[in-house]
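The residues making up each chain are set out below.
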Amino acid sequence: MTEALDPETLDRLRRGIPLRLDRTGHFHLGDEPVIHPRVHAAFLAGLDISEAGEPTLQVGNQWCYLTVDDCPLRATGVLKADTGLQLRLDDGRTVPLDPTSVWEDDQGLRATAPSQRSGRALPVRLGNTAAMDINAWIDDQTDPPALVLDEGVAERRVPIRRHPPA
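In this text the structure is predicted, and so the values were computed from the model without any measurement.

Q: If you had to explain the environment of V78 to someone new, which residues and values would you point to?
A: Tracing the backbone shows V78 in strand β8 (residues 73–81). Each C-alpha atom, one on V78 and one on I134, is 5.9 Å from the other, the two residues being 56 residues apart in sequence. Non-local contacts of V78, meaning those with residues more than four positions away in its chain, are made with L85, Q86, L87, L126, A130, D133, I134 and W137.

Structure follows, in structure tokens:
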């Protein structure tokens, strides 16, 4: 029978795994890329953020911390649905876009989407195709630019800020 590790040792082990998610959405274990498609898919599905805001990865009942170079998820497309805009994510899901979560930095547009594990908001980088898709709903003639959403009787304008939402 094995004894459970003390919390301090377990935390040190979870932080000691050299797992990194690069800006393009590829995982690396140390210097080695993680290339198996099912492992990559399992890693994407296990992405989360701790209550303290640190990126984590859970597979089965085990989890660790990881380094994320940019955003944990990437949007590969933006779709119009009856209920509003939706993000197509690189983890295979399509989720509703919260327009108040959209913001811009020097590298482009970001938003948030719920993690599959806890539902906590994960940062999402909008890729080139997603940025082109969402452009159909952006009024860039205002300062700041705004998402313009048709909500039946009236349109809703949501400013796109230059900093993350609070």
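Q: Now, about the sheet that holds strand β7 (residues 67–68): what can you tell me, with residues and values included?
A: Sheet architecture is open: four strands sit in the order β3-β2-β1-β7, paired in mixed fashion. Each edge of the sheet is formed by a strand with only one pairing partner; in this case those strands are β3 (32–33) and β7. Summarising the sheet, strand β2 (residues 27–29) and β3 pair through two bridges and their orientation is antiparallel. Within β3, the position partnered with H28 by the bridge is P33.

Q: For the environment of A45, give the residues involved together with the corresponding values.
A: In this structure, A45 sits in helix α2 (residues 37–45). As for A45 and V59, which are separated by 14 residues in sequence, their C-alpha atoms are 8.4 Å apart. Those residues in contact with A45, other than ones at most four positions away along the chain, are Q116 and R117.

Q: Account for the packing of aromatic side chains, with residues named and values stated.
A: One pass over the structure, following the stated rule, counts two aromatic pairs. Look at F27 and F43: their rings are 5.2 Å apart centre to centre, the planes differ by 80 degrees, and that puts the pair in the edge-to-face class. Highlighted residues: F27 in strand β2 and F43 in helix α2, separated in sequence by 16 residues. Judged by its relative accessible area of 16%, F43 is buried. Where W63 meets Y65, the ring centres are 5.1 Å apart and the plane angle is 75 degrees; that geometry is what we call edge-to-face. Judged by its relative accessible area of 12%, Y65 falls in the buried class. Lying across the ring of Y65, R15 places its NZ or CZ 3.9 Å from the centre.

Q: Quick rundown of the pattern of salt bridges? Include the residues and the values.
A: The final tally for this structure, using the stated rule, is 15 salt bridges. Here R120 makes a salt bridge to E51, at a shortest N to O gap of 3.5 Å. With R120 in the loop between β12 (108–114) and β13 (121–126) and E51 in the loop between β4 (47–49) and β5 (55–59), this residue pair connects regions lying 69 residues apart in the sequence. A relative accessible area of 30% means that R120 is categorised as partly exposed. The exposure class assigned to E51 is exposed, which follows from its relative accessible area of 73%. Among the ionic pairs, R74 bridges to D90, the shortest N-O distance being 2.7 Å. With a gap of 16 residues between them, R74 in strand β8 and D90 in the loop between β9 (84–89) and β10 (94–96) connect regions that are remote in the sequence. Overall, D90 belongs to the partly exposed group, its relative accessible area being 23%. Connected through salt bridges with shared partners, the residues R23, D70, D105, R110 and R125 form a single ionic network.

Conventions used here
Residues numbered from 1 in each chain as written. Predicted model: local features only at pLDDT ≥ 70, side-chain atom pairs only at ≥ 80, totals over all residues. Heavy atoms only, no water. Helix = DSSP H or I, 4+ residues; strand = E, 2+ residues; numbered from the N terminus. Contact = heavy atoms within 4.5 Å. Pairing = 2+ DSSP bridges. Phe/Tyr/Trp six-rings, centres within 6.5 Å; stacked < 30°, edge-to-face > 60°. Buried < 20%, exposed > 50% of the residue type's maximum accessible area, 1.4 Å probe, protein only. Lys NZ or Arg CZ within 6 Å of the ring centre and 35° of its normal. Salt bridge = Lys/Arg side-chain N within 4 Å of Asp/Glu carboxyl O.

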